[in-house]
Amino acid sequence: MKLFMLVLSIFLIAGCVQQYLYVCPDGSTVSNPSYCSRSNEDFANVPLPAESIYNASQLEKEIFDLVNENRANYGLKSLLWNNEIARLAKEKSDDMAENKYFNHANLDGEVFGDILKKNHIFYLTASENIAMFGNVTSEDLATEVVKGWLESPAHRVPIIDRDEIYTDAGVGARCINNVCYFTMQFLNLERKLNINLKSGYGTFVYIYDTALDFDCNVSVMVEVNSTKATDTFVVDDSDKFDLFMQGYPIYSEREFMHNSYVSTTIVARRGYGIILYADPDWVFSDAVVGVKFRYLGSV
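Residues numbered from 1 in each chain as written. Predicted model: local features only at pLDDT ≥ 70, side-chain atom pairs only at ≥ 80, totals over all residues. Heavy atoms only, no water.

**Topic: the overall build of the protein**
Formally: Secondary structure follows DSSP: runs of H or I at least 4 residues long count as helices, runs of E at least 2 residues long count as strands, and numbering of each begins at the N terminus. Throughout this description, buried means an accessible area under 20% of the type-specific maximum (1.4 Å probe, protein chains only), exposed means over 50%, and partly exposed covers the range between. Note on contacts: a residue pair is in contact if any heavy atoms of the two residues lie within 4.5 Å.
Tallying secondary structure elements over the protein gives seven helices and 14 strands in all. Across the 299 residues that make up the protein, the buried fraction comes to 52%. Taking contacts inside the protein between residues at least 6 apart in sequence as the whole, the part at least 24 apart equals 77%.

Dropping the structure here:
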C-alpha cells in the first residue's frame, strides 16, 4: 500500500497569499491537516524502503526534468533552473522532514512569500507545490511525485501554466525517518509586453511598480526591440513622463536615442520605469515595440 499526501499549491503575487486546502490520503479536502483521518505522526511511522536507495540530488533533477517534459507536451517554454530557489526548496523539505510537519507554513508561521522576502528575493508571482510519500513501492519516485501533482488541479496550475507565467523553478527533496518530502517552488522573474506606438506619441512602463510590496533594489536587464528607431529613457518615477510629454527637460538615468534595439542592465528602485517615445522627426508611422524586463536579483 502506498500513502501519499499533497498540499494544494499556494500562490503568491507580490507577497499576497491565496487560501489553500489539504488533500488527505483518502482524497478528502480539509482546511487543516489535523482534520485528516491520519495525522502527520502516523505518516512518520509508515515503513519505507531503505533511505539509501534514494539520491536527493537525482530526484530533484528528475522531477524538474519531468515537469519541463510535461510543459513541452503542451508547447510551453521550459522553466529555468534557479539555484537560489532550489536552495530555498531544499531548506523547506529539510525543515519539514527534520521537524515532522507537512504544511506550506513553517513552525514559525512563515509561508513561501515570507521566506522570499526574508532572503531579499524579488519576484512578480510565486507558487509552491509540496508532497509527502510513505510506504512507497515504486522505484520511480520522481514520476510518482509529478504524476500526483498533475492529477491535482491546483498543483497542475504552476506546472502547465498556459499563460507561461512562471519562468524559474527549483526542487528540493529529503527522505528521513521513513518519509520522503518534496518541494517545488516556481517564480515569475520576467515581464514582457508589446506596445503599439504612434508617431509623436509616448508611453511610460514601470520597471519596478510602486504597488509591489518590496523595499529592496533589484538588478534588471531591460530589452527594447522596436520596428522603428524610437527613443528610450530610464527614469526614476512616472512624474517624469508627464514633464517629458509637456516638453520640459527631464533627468534620465540612461537614454537611448533613435534605437530600434536596446539592451542594458540597471539597478532599479521602487518607481523606476522607462519612457518610450516615437519622435515624429524620425518615426513617420506606427512602431511596434517589444519590451522585456528580466529581474536578476535584489541588491
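From this point, things continue past the structure.
**Re helix H3 (residues 83–99)**
Structural remark: α-helix, 3.6 residues per turn; residues separated by three or four positions point the same way. The test is simple: Take the number of residues in a helix, subtract one, and multiply by 1.5 Å to get its expected span.
In a regular helix each residue adds 1.5 Å, so 17 residues correspond to 24 Å; H3 covers 24 Å between its end C-alpha atoms and thus fits that length. Taken as a whole, H3 has its buried residues at Ile 85, Ala 86, Leu 88, Ala 89, Lys 92, Ser 93, Asp 94, Met 96 and Ala 97. The inward-facing, buried residues of H3 abut strand S5 (80–81), helix H4 (112–118), strand S6 (125–134), strand S7 (168–176) and strand S8 (179–188). Trailing H3 by a residue or two, Lys 100 shows a phi angle of about 55°, which is positive.

**Let's talk about the side chain of Ser 226**
Rules: What qualifies as a polar contact is a pair of N or O atoms within 3.5 Å, subject to a donor-acceptor requirement within protein and to the restriction that residues adjacent in sequence count only when both atoms come from side chains.
Relative to the helices and strands, Ser 226 resides in strand S11 (residues 218–235). A relative accessible area of 7% means that Ser 226 is categorised as buried. At a separation of 2.8 Å, a polar atom in the side chain of Ser 226 contacts the main-chain carbonyl oxygen of Lys 228. In contact with Ser 226, other than residues within four places in its own chain, are Ser 260, Ala 287, Val 288 and Val 289.

**Points about the pattern of salt bridges**
Think of it this way: side chains of opposite charge can pair up when their charged atoms draw near. For clarity, the cut-off: Counted as salt bridges are all cases of a side-chain nitrogen of Lys or Arg within 4 Å of a carboxyl oxygen of Asp or Glu.
For the structure on display, the rule yields 14 salt bridges. For Asp 168, the salt bridge goes to Arg 294, with nearest N and O atoms at 2.9 Å. In this pair, Asp 168 sits in strand S7 while Arg 294 sits in strand S14 (residues 287–298), placing the two residues 126 residues apart along the sequence. The burial state of Asp 168 is the same as that of Arg 294; both residues are buried. Each of the salt bridges in this network shares a partner with another, and the network as a whole consists of Asp 168, Glu 190, Lys 292 and Arg 294.

**So, the nonpolar core**
Put simply, the rule is: As used in this record, nonpolar core signifies buried Ala, Val, Leu, Ile, Met, Phe, Trp, Tyr and Cys residues forming a set joined through side-chain atoms within 4.5 Å.
Counting 38 residues, the largest nonpolar core has Leu 116, Leu 187, Ile 207, Tyr 208, Ile 274 and Phe 293 as the members making the most contacts within it. Counting only elements with at least two residues in this core, the list comes to H3, H4, strand S9 (190–197), S11, strand S12 (254–268), strand S13 (273–277) and S14. Setting aside its immediate chain neighbours within four residues, Tyr 208 contacts Phe 122, Phe 214, Asp 215, Cys 216, Asn 217, Val 218, Ala 268, Arg 269, Arg 270, Gly 271 and Tyr 272. In this structure, Leu 66, Val 67, Ala 142 and Cys 180 belong to the second largest nonpolar core, which totals 27 residues.

**Quick notes on the packing of helix H2 (residues 56–73) against helix H5 (residues 141–151)**
What counts, and what does not: Here, axes are lines fitted to C-alpha atoms. For helices the fit covers the stretch in contact, and angles between N-to-C directions go from 0 to 180 degrees. Angles are sorted into four bins: roughly parallel if under 35 degrees, roughly antiparallel if over 145, roughly perpendicular if 65 to 115, and oblique for all others. Note on convention: near helix rotated counterclockwise from far helix by under a right angle means a left-handed crossing. Clockwise means right-handed.
Where H2 meets H5, the axes come as close as 9 Å, and the angle between the chain directions of the two elements is 45°. For the element pair H2 / H5, the angle class is oblique. The hand of the H2/H5 crossing is right-handed. From H2, Leu 59, Glu 62, Ile 63, Leu 66, Val 67 and Asn 70 reach across to H5, where they touch Leu 141, Ala 142, Thr 143, Val 145, Val 146, Trp 149 and Leu 150.

**Examining the environment of Lys 117**
Along the chain, the position of Lys 117 falls in helix H4. A sequence separation of 98 residues divides Lys 117 from Asp 215, and the C-alpha atoms of the two residues are 9.4 Å apart.

**Regarding the packing of aromatic side chains**
Our working rule: Pairing of aromatic rings covers Phe, Tyr and Trp, the last counted by its six-membered ring, and requires centre-to-centre distances within 6.5 Å; plane angles under 30 degrees mean stacked, over 60 mean edge-to-face, and any other angle means tilted. Two limits define a charge over a ring: the Lys NZ or Arg CZ must be within 6 Å of the ring centre, and within 35 degrees of the ring normal.
A full pass over the atoms with the stated rule returns 10 aromatic pairs. A ring pair is formed by Tyr 166 and Phe 186, whose centres lie 5.9 Å apart and whose planes are at 55°; its orientation type is tilted. With Tyr 166 in the loop between helix H6 (153–159) and S7 and Phe 186 in strand S8, the pair connects residues that are 20 residues apart, well separated along the chain. Phe 186 carries the same exposure label as Tyr 166, and that label is buried. A network of ring pairs unites the aromatic residues Phe 122, Tyr 123, Tyr 208, Phe 214 and Tyr 295 as a single cluster. In this structure, Lys 117 is placed above the aromatic ring of Phe 214, and the distance from its NZ or CZ to the ring centre is 5.9 Å.

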